[in-house]
Amino acid sequence: MPLPYDLCARVQNAFRARHHRIAVDHTTQNLGILSILLRTGFISNVTRGTIESPSPTDFIRVGEAQRRIWAELKYRDDRPVLSDMELISRPSRRIFMDIGELRRICSGRRAQTIKPLGMGEIAVVRTKSQEHEWLEAREALQLNLEGEVICRAR
């Protein structure tokens, strides 16, 4: 399983280079994180495709190694909507939070070593639930699901 820092770096670098769309490996993790970025308005579209183009029909025909997820990046007034995307939980130090700690960072207080979420900022949480594996921190709080805080975007 690829590490989430690869996706964080690719998305952040693509915004800085002013690309209109990016292609990342097709994994459940990447699809989950990109769908959260789509729901919260940081990117405008997510499509399955191949290495060459975002084509859902070609996606079905090619092998697993050539499958990609294409994300269209969003800009407002010629400035990127997503300015920073950083990893919170690292392979050497995993950050797991219970409901109380998630409530603290969502309400503007520090929990463990994690700074609180500011206005327009999100945190991606991976829960143990099969139905809701990838959630934004506020969604996890509403569903009373604890989990590993993967990354944050602002």
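The structure under discussion appears in the preceding block.
What you see is a predicted model, and the numbers here were worked out from it, not measured in a lab.

**Observations regarding the pairing of strand 3 (residues 67–73)**
Item 1. Counted residue by residue, strand 3 has six buried out of seven residues, so it is predominantly covered.
Item 2. Sheet topology places strand 1 (residues 21–25) next to strand 3; five bridges connect them, and they run antiparallel. Opposite Ala23, over in strand 3, you have Trp70 as the bridge partner.

**A closer look at helix 4 (residues 99–106)**
Item 1. Of the residues making up helix 4, those classed as buried are Ile99, Glu101, Leu102, Ile105 and Cys106. The arc that holds the buried residues of helix 4, viewed along the axis, is 165°, so those residues lie on one side.
Item 2. The inward-facing, buried residues of helix 4 abut strand 7 (96–97), strand 8 (122–127), helix 5 (137–142) and strand 10 (147–153).
Item 3. Gly108, located one to two residues past helix 4, shows a positive phi value of around 100°.

**Here we look at the sheet that holds strand 2 (residues 43–50)**
Item 1. Reading across the sheet, the three strands line up as 1-3-2 and stay open at both edges, with antiparallel pairing between neighbours. Two strands close off the open sheet at either side, each with one partner strand: strand 1 and strand 2. Strand-to-strand twist across the sheet, computed as the mean angle between neighbouring axes with direction ignored, equals 25°.
Item 2. Sitting on the sheet, helix 1 (residues 4–16) is in contact with strand 1, strand 2 and strand 3, with an inclination near 165° to strand 1.
Item 3. Contacting strand 1, strand 2 and strand 3, helix 2 (residues 28–39) runs over the sheet at an angle of about 150° to strand 2.

Cut-offs used in this document
Residues numbered from 1 in each chain as written. Predicted model: local features only at pLDDT ≥ 70, side-chain atom pairs only at ≥ 80, totals over all residues. Heavy atoms only, no water. Buried < 20%, exposed > 50% of the residue type's maximum accessible area, 1.4 Å probe, protein only. Helix = DSSP H or I, 4+ residues; strand = E, 2+ residues; numbered from the N terminus. Pairing = 2+ DSSP bridges. Arc of directions from axis to C-beta. Contact = heavy atoms within 4.5 Å. Axes fitted to C-alpha atoms, helices over the stretch in contact; angles between N-to-C directions.

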